[in-house]
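Here's the letter readout for the chains.
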Amino acid sequence: MQKRIKRVLSRARYAAMGAAIGAGIGGLVGRNAASTGGALGAIVGATVGEKRVTVDSFIDDVKEKRAERDELVAEE
């Protein structure tokens, strides 16, 4: 459950930042472009947020396995 909440919050955070950046850039062109830029930025941000949590959890798993392996080697 904790992993799911972490993933959802990460996705939301990056989606909000992506929407703000996309809307800002689109706003330089026009009102409709700001709306479209915000939507596209949110999609990209949510995707990045999803992947970032997945990669972070993968790295944590690798670190744990490496620590266990090092303990086994030290015992020998």
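Residues numbered from 1 in each chain as written. Predicted model: local features only at pLDDT ≥ 70, side-chain atom pairs only at ≥ 80, totals over all residues. Heavy atoms only, no water.

An unreviewed UniProt entry annotates the protein chain as Glycine zipper 2TM domain-containing protein of Halosimplex litoreum.

**Q** Got a sec to walk through helix 1 (residues 2–27)? Specific residues and values, please.
**A** Helix length check: helix 1 (26 residues) gives 37 Å between terminal C-alpha atoms against 38 Å at 1.5 Å per residue, within 8%. Listed in full, the buried residues belonging to helix 1 are Ser 10, Tyr 14, Ala 15, Gly 18, Gly 22 and Gly 26. (Helix = DSSP H or I, 4+ residues; strand = E, 2+ residues; numbered from the N terminus. Expected span 1.5 Å × (residues − 1). Buried < 20%, exposed > 50% of the residue type's maximum accessible area, 1.4 Å probe, protein only.)

**Q** Please give an account of a nonpolar patch on the surface that cites residues and values.
**A** Among the surface-exposed residues, Val 55, Phe 58, Ile 59 and Val 62 lie close enough to one another that they form a single nonpolar patch of about 360 Å² accessible area. Note that Ile 59 resides in helix 2 (residues 31–75). (Patch = residues over 30% accessible without salt bridge, like charges linked within 9 Å, V, L, I, M, F, W, Y side chains within 5 Å. Areas by Shrake-Rupley, 256 points an atom, 1.4 Å probe, with all protein chains shown as cover. Salt bridge = Lys/Arg side-chain N within 4 Å of Asp/Glu carboxyl O.)

**Q** So what about the environment of Gly 18? Which residues, and what values?
**A** Considering the arrangement of structural elements, one finds Gly 18 in helix 1. Gly 18 sits in the buried class, given a relative accessible area of 14%. Taking the C-alpha atoms as reference points, Gly 18 and Arg 31, separated by 13 residues in sequence, lie 17 Å from one another. Beyond its immediate chain neighbours, meaning those up to four positions away, Gly 18 contacts Gly 41 and Ala 42. (Contact = heavy atoms within 4.5 Å.)

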